[in-house]
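One-letter residues, chain by chain:
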Amino acid sequence: MADLTPTPDRPGLHVSKPSPNAPATGSAVCHCGASATATGDSQVRALVDGYTANHGAAHRDGGARR
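All values derive from a computational prediction rather than experimental measurement.

Novice: Looking at this model, I keep getting lost on the overall build of the protein. Mind explaining?
Specialist: Counting its regular elements, the protein contains 1 helix and 3 strands. Starting at the N terminus and ending at the C terminus, the protein contains elements arranged as β-β-β-α. When the 66 residues of the protein are sorted by exposure, 26% land in the buried category. For the protein, restricting intrachain contacts to residue pairs at least 6 apart in sequence, the fraction spanning at least 24 positions comes to 15%.

If you want it as structure tokens, here you go:
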């Protein structure tokens, strides 16, 4: 299986939850240089919300926020 962890060369968001009883883990790297990791369902949810609101697609227009 390929390593799906985001890197500066391959920015993105990766979330894993191997079973319903295991805590979620997540990592994010943006092409602007920002990066973050989280462990636990609520922390990973906050990571995803923050990444989607402020990075990734939010930078689609050269960093301009809509």
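After that view, the rundown keeps rolling.
Novice: Explain the sheet that holds strand β1 (residues 12–16) to me, please; I cannot follow it from the model alone.
Specialist: Note: strands within a sheet are paired through backbone hydrogen bonds, in either parallel or antiparallel orientation. Taken together, 3 strands build an open sheet; the order of strands is β1-β2-β3 and the sheet is antiparallel. Pairing within the sheet leaves two strands with one partner each, and these edge strands are β1 and β3 (35–39). Sheet twist, expressed as the mean angle between neighbouring strand axes with direction ignored, is 5°. With 5 bridges joining them, β1 and strand β2 (residues 25–29) adopt antiparallel strand pairing. Across the sheet, the residue bridging to Val15 is Gly26, located in β2.

Novice: Is there a simple way to think about the nonpolar core in this case?
Specialist: In globular proteins that are soluble, nonpolar side chains generally tend to be buried together. In this structure, Ala24, Ala28, Cys30, Ala38, Val44, Leu47 and Tyr51 together form the largest nonpolar core, which totals 7 residues. Considering every element that reaches this core, the biggest residue donor is helix α1 (residues 41–54), with 3 residues. Those residues within four positions of Ala28 in sequence are excluded, and the remaining contacts are Pro6, Gly12, Leu13, Ala34, Ser35, Ala36, Leu47 and Tyr51.

Procedures and definitions
Residues numbered from 1 in each chain as written. Predicted model: local features only at pLDDT ≥ 70, side-chain atom pairs only at ≥ 80, totals over all residues. Heavy atoms only, no water. Helix = DSSP H or I, 4+ residues; strand = E, 2+ residues; numbered from the N terminus. Buried < 20%, exposed > 50% of the residue type's maximum accessible area, 1.4 Å probe, protein only. Contact = heavy atoms within 4.5 Å. Pairing = 2+ DSSP bridges. Axes fitted to C-alpha atoms, helices over the stretch in contact; angles between N-to-C directions. Core = buried A, V, L, I, M, F, W, Y, C linked by side-chain atoms within 4.5 Å.

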